[in-house]
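Listed below are the residues making up each chain.
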Amino acid sequence: MSTAGFNSQNGTGTGQTYVNGPSQNPIGLQQLPGVSYGITHQPIYNPMQSKAPAPPGPGLYPSGPYQPIPPTSSYQPGPPLTSYPVPSGQALLTRPPMGGPPPHTPPQSASPSPGPRMPPAQATPPPPIVSSSSYYPNPQQPQTVAPTWMYNTAPPLIGPSTSLTTPSNCPKGNHVTPAASTATLPPPPLSSAVYSSVPPPPPSSALYSSVPPPPPQCATQPAGTSMPTISNQGFTQKGPAPPPMNPIAPHAYPPNRAPYGPPPTGPQPTMKPTLPPTGPPMASATPPPPKADAQGGGAVNSTLPLTEPDLQEGDIECPAGTVAGNGPQAPNNYNHVENKMAGMSPPGPPGQHFGHYPSLPPGYHNTAAPHNSSPMHPAMQATTQPYSHAPQPYQQSPGGPGPAQLSPSMAAMSLQSSTPEALRVVNLLQERNLLPPTPVSAPTPCLPQDLQKINCSPEVFRCTLTSIPQTQSLLNKAKLPLGLLLHPFKDLSQLPVVTSSTIVRCRSCRTYINPFVSFLDQRRWKCNLCYRVNDVPEEFMYNPVSRSYGEPHKRPEVQNATMEFIAPSEYMLRPPQPAVYLFVIDVSHNAVETGYLDVFCQSLLDNINSLPGDSRTKIGFITFDSTIHFYNLQEGLSQPQMLIVSDIEDIFLPTPDSLLVNLNECKELVQDLLRSLPGLFQKTMETQSALGSALQAAFKLLSPTGGRMSVFQTQLPNLGAGALQSREDPNQRASAKDIQHLAPATDFYKKLALDCSGQQVAVDLFLLSSQYCDLASLGCISRYSSGSIYYYPSYHHQHNPAQVECFQKDLKRYFTRKIGFEAVMRIRCTKGLSIYTFHGNFFVRSTDLLSLPNVNPDAGFAVQMAIDENLDNMQVVSFQAALLYTSSKGERRIRVHTLCLPVVSSLADIFAGADVQAITGLLACMAVDRSVTASLSDARDALTNAAIDSLSSYRQSVLTIQQPGLLSPACLRLFPLYILALLKQKSFRTGTSTRLDDRVFTMCQLKYQPLAYAMLMIHPSLYRVDDLTDEGALNINERTIPQPRLLQLSVEKLSREGAFLMDAGTEMYLWIGRNCNPNFLNQVLGVPNSSAVPDNLFSLPELDTAESQRTRAFIGWLRDQRPFFPSLHVIRDDSQRKVCFMQNMIEDRTESALSYYEFLLHLQQQISK
């Protein structure tokens, strides 16, 4: 795929060019104070260094000195074991299989990596031969460095730049990557920003580099200038007026000046609230830094053209010369809670008034958990137990510690003073039942209680390490990835909303005021990201909640870690766009045969009055086969008019003004069209598909306004622009070799997506097909335009009723869910930290600004971070995500989330704060990118090494008493299990027949889904449901919801006398044992015995029995906790679908993958070397 940057007219009529797509990064590295970029930097750590190749099985694991277990069927339960056998006097290298033929040596891997991947099996294996994997896009530059993660740091500065003579070879993963340049470039970087973009280190290298990634020079930047360590793609938003902007300064903390230190540690001034003084404002205690808009802790390029504004959330910046508080006064309103549900109680009384100003605002509202119509799934509920959203009065004693200047007592909270549960030593080879009976909850940061009560919910903002290391070298030693996982637009039942003409922000780094700032006195506050002292605007002195004056620390902005602001006009580049919906529909013969058209039209008819919008909402339709069909829906027509354009090579709009119409004014014509559309093409014999031309036409139609394009496709596009050829060989689906064609076949869809992003158009793709459609190529249209991808393999209205139900439910959610238009998002962090890679569906512009033409409440994002400067003088650090969007009602809004975490100086504290699920989710995103840019085997090896490295570091650096066995801290006891689950997940598995589109779709989901949903795809939940009781049940809306315990994913936990429900996220399986309890079969399924269960049963009959009500209530409750609809498959023990159920038994061995116990033995073998 050609990924060279290309130019497109985009701007305010000035013809400015921008570089589209994650192409080579136009950034040079600015040297930071106190950091040497010479030869003294830490070498890059290589997890594959000095390790044996991966073990046999799925092309990964080598035959070790232990006796391999034969490939037995994992469907035959063995005798239940209460603990792993520990023979005295010998290593834990043998374990009898659960049944099967006598042991024999498994076949060797046929991995095609350069160089042998494993030695032949023998009693004493020779020194490991490390597989090679080129770190460069150029295959003519072979290297001898094995695949590895570079997740904690970016590489050191590279030598002299070389002139660019060929287009850059860009990564295809969707995250921040360097952009093509016409000036000069350093040596070509790694093909994926997930990994180090540095030449391979010498073989002796065994540490991470502590230097951020040095991207190449920018095409718009003269050589020698410097920019942040996060790549950008120059982009100017198109609009009728030039965007407001502030001049860009070189850096808030230039190297030639000492950085601002932490706040003073002396006692806080005590004073009573007074009226505002009439004289000049107080002088700041700290000299103000330059009035620049820079991300905290990052360098900013001072040479960007003025036509490329530093928009800060696109335009979440006061215009040049405007200071918060000096603008026109507007009503200072506060909707303490924006209720999404009827009957919500009004907010409680404000907190007690205090007459002094400690460093931390004394009054906080503890926010209670949202009261949904039904409680959350236990896996999601557990993550938010320590947090809440509803306002509750909370008082802090006078003089309490502030977040940025905590008392030295914080140091006494070191986790090493007493061994916490998180650091309890666990021998993974001996403790068999590690899976807790209830869902795993997010760890609680080790913060003072008053800070923790107001911290951001982990449902919205979650860090892989809840204790941040002081230095990059300390993070390197831990060998754990540092990153954030976000769900920024999540549906919240309660959301504090403020309407004010003054949105208070730091004048230096533009951070929004939040609960973790410090008030030095009544008139000054200190930013918790850059430590600048700012004046409190006059309007901010009034508290709209208590209707009192002189208590800025009690404002709702300082009481809630999640806030939403109604933005004033300064935050708009143009009048807010209306809600615009365009549907692009495949009507070829193949599409009509699937029957999806009837379902789509009926669903839209049912929900047309629920589409988000106002009186300005517009709607339009395009259908296509080998030609493009437009529909004139202009008011006054008696019926819709079809306009056919057959010239697909030079597409044009026949009547541009009447194809997108006002929904309220033309609703009857729209309804007539939806009723007649399925019949119009019922007898079509047209088999070709001109999808590319239809997309081009839709882009032209939506460009003036922006909006949402919904595309429905049922086959491989084979005509006109963007035509594709089938690349899948069905005979290679189960091959143990590397999977080919995970990258796009053409850059047509990516380029079109970038054009769409520039015009505020997002593309959502619905793929309904039983044949290969090259989702790797088609998916680019959604990935780079911040759209969504829906995939329904083998969809047919008669043969696959489960998919039809799933499609119907998904459409209802899709048509009615909240939507934000022309959105942008930026993540800021405390000075000393930096972000260098993003994951999700978006386009990156202005170095670290995510362009999101549409944002929806079901989208998740992830970022990787590095520590650029030592955090020695800091007790806590903060992260802030700001999302600017236009609501469907035409309001410009800003949603802000702020997370505060402690800084620690010991490895033990780092491990104690590790969030195993967040780490797994981030590694999954990194592995997807590695699979596309390198190879699937590289990604699998790197996943295995992630587990080896972290447990090895724990053993060597944290444990004081060395013990035999595979030891882990309790907080990471599930890490090897989750890594093995990823290796067996559809995205990364080998040796099992997997359709290419299925694999690519699950990869898209891992990068796009919020963590709570992705974890169910990685490690499904298993419950026994034939013996549900009301013991411990939840009572919700007069319904009783049973709460069965979670079971390990092993056939040992199954029983032929029982029924078991597996929740795999997007699908559910109800497995009925051969000798299942007849009472359950009769009372729940309405059949006398298991053999009478129908083959295609996908829903439970509604029987008037207690057992039926319990079972249906539990399944319905699980479904209610996610935005998509998981289909249910009821399968007998002898059903063909049983293989799908058994493939999720992660702890069991299959013909191509190791069991969990064997995987642990492999980890122990590698760690002990």
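Predicted model only: the values in this text are computed from it and were never measured.

J.: In this structure, what is going on with helix α15 (residues 975–984)? I would like to understand it.
T.: Given 3.6 residues per helical turn, the α-helix brings residues three or four places apart onto the same face. Most of α15 sits inside the fold, with ten of its ten residues counted as buried. The complete set of buried residues in α15 reads Phe975, Pro976, Leu977, Tyr978, Ile979, Leu980, Ala981, Leu982, Leu983 and Lys984. Tucked inside the fold, the buried residues of α15 contact α13 (916–933), α14 (936–957), α17 (1011–1018) and α21 (1156–1167).

J.: How should I be thinking about the sheet that holds strand β13 (residues 518–521) in this particular structure?
T.: With antiparallel pairing, three strands are arranged side by side in an open sheet as β13-β14-β15. With one partner strand each, in any of the chains shown, β13 and β15 (533–535) form the two edges of the open sheet. Going from strand to strand, the sheet's axes swing by 35 degrees on average, the running direction of each strand aside.

J.: Just checking my understanding: could you explain empty space enclosed by the protein for this structure?
T.: It is the rolling of a water-molecule-sized probe over the atoms that shows where space remains empty. Approximately 250 Å³ is the volume found for the largest cavity. Around the largest cavity sit 23 residues that line it, and Glu459, His487, Pro1010, Leu1011 and Ala1012 are the ones nearest its centre. Counting residues per element, the ones that place at least two in the lining of the largest cavity are β11 (483–486), β31 (861–867), α13, α16 (996–1008) and α17. Broken down by element, the lining of the largest cavity gets its largest block of residues, four residues, from α17. Split by residue class, the lining of the largest cavity holds 14 nonpolar, five polar and four charged.

J.: Hey, could you run me through a nonpolar patch on the surface in this one?
T.: A cluster of nonpolar side chains, Met642, Ile644 and Leu680, forms an exposed patch at the surface whose accessible area comes to about 270 Å². Mapped onto the elements, Ile644 comes out in strand β22 (residues 641–645). Exposure remark for Ile644: the relative accessible area of 53% places this residue in the exposed category.

J.: Is there a simple way to explain the packing of helix α5 (residues 596–607) against helix α11 (residues 801–816) in this structure?
T.: For any two helices packed against each other, one specifies the crossing angle of their axes together with the interaxial distance. As a packed pair, α5 and α11 sit with axes 10 Å apart at the nearest point and diverge in direction by 35 degrees. With respect to the hand of their crossing, α5 and α11 are arranged in right-handed fashion. Every residue of α11 that contacts α5 at Tyr596, Val599, Phe600, Ser603, Leu604 and Asn607 is listed here: Val804, Phe807, Gln808, Leu811, Lys812, Phe815 and Thr816. When its residues are assigned to classes, the contact of α5 with α11 shows eight nonpolar, four polar and one charged.

J.: Before we go on, may I ask you to explain the packing of aromatic side chains in this structure?
T.: Given two aromatic rings, their pairing is described by the distance between the two centres and the angle made by the two planes. This structure, assessed with the given rule, holds 31 aromatic pairs. Plain terms: the ring middles of Tyr1023 and Phe1114 are 5.0 Å apart, the flat faces sit at 85 degrees to each other, and that makes the pair edge-to-face. In this pair, Tyr1023 sits in strand β35 (residues 1021–1024) while Phe1114 sits in helix α19 (residues 1106–1120), placing the two residues 91 residues apart along the sequence. Of the two residues, Tyr1023 and Phe1114, both sit in the buried class.

J.: Help me understand the nonpolar core, please; the structure alone is not making it clear to me.
T.: Most often, soluble globular proteins have nonpolar side chains that are buried together. One finds Leu484, Met709, Phe879 and Phe1141 to be the most contacted residues of the largest nonpolar core, which totals 183 residues. The element that contributes the greatest number of residues to this core is α13, accounting for eleven residues. Phe879 has contacts with Phe461, Ile468, Leu484, Arg828, Cys829, Leu833, Met865, His897, Thr898, Leu899 and Leu901, leaving out every residue within four places of it along the chain.

J.: For this particular structure, what's the right way to read the pairing of β13?
T.: If a strand is regular, its side chains alternate between the two faces of the sheet. Where β13 meets strand β14 (residues 524–526), three bridges bridge the pair, whose relative direction is antiparallel. Paired with Asp521 across the bridge in β14 is Arg524. In this antiparallel pair of consecutive strands, β13 and β14, the connection spans two residues.

J.: Just to check I follow, could you spell out the sheet that holds β31 for this structure?
T.: Within a sheet, neighbouring strands are paired by backbone hydrogen bonds and run either parallel or antiparallel to one another. Spatially, four strands are ordered β9-β11-β31-β28 in an open sheet, and the strand pairing comes out antiparallel. Both outer strands of the open sheet, β9 (461–463) and β28 (833–839), are each paired with one neighbouring strand and no more. Put simply, the sheet's adjacent strands are angled 25 degrees from each other on average, direction ignored. Note: β11 against β31, four bridges, orientation antiparallel. The partner of Leu484 across the bridge, within β31, is Val863. α13 rests against β9, β11, β28 and β31 of the sheet, and its axis sits at about 95 degrees to β31.

Basis of the calculations
Residues numbered from 1 in each chain as written. Predicted model: local features only at pLDDT ≥ 70, side-chain atom pairs only at ≥ 80, totals over all residues. Heavy atoms only, no water. Buried < 20%, exposed > 50% of the residue type's maximum accessible area, 1.4 Å probe, protein only. Helix = DSSP H or I, 4+ residues; strand = E, 2+ residues; numbered from the N terminus. Contact = heavy atoms within 4.5 Å. Pairing = 2+ DSSP bridges. Axes fitted to C-alpha atoms, helices over the stretch in contact; angles between N-to-C directions. 1 Å grid on protein atoms, 1.4 Å probe; cavity = no way out; pocket = protein on both sides within 12 Å on 5 of 7 lines; lining within 4 Å. Points joined across faces, edges and corners; volume = space filled by probe spheres on them. Nonpolar A, V, L, I, M, F, W, Y, C, P; charged D, E, K, R; others polar. Patch = residues over 30% accessible without salt bridge, like charges linked within 9 Å, V, L, I, M, F, W, Y side chains within 5 Å. Areas by Shrake-Rupley, 256 points an atom, 1.4 Å probe, with all protein chains shown as cover. Salt bridge = Lys/Arg side-chain N within 4 Å of Asp/Glu carboxyl O. Left-handed = near helix turned anticlockwise from the far one by under 90°. Phe/Tyr/Trp six-rings, centres within 6.5 Å; stacked < 30°, edge-to-face > 60°. Core = buried A, V, L, I, M, F, W, Y, C linked by side-chain atoms within 4.5 Å.

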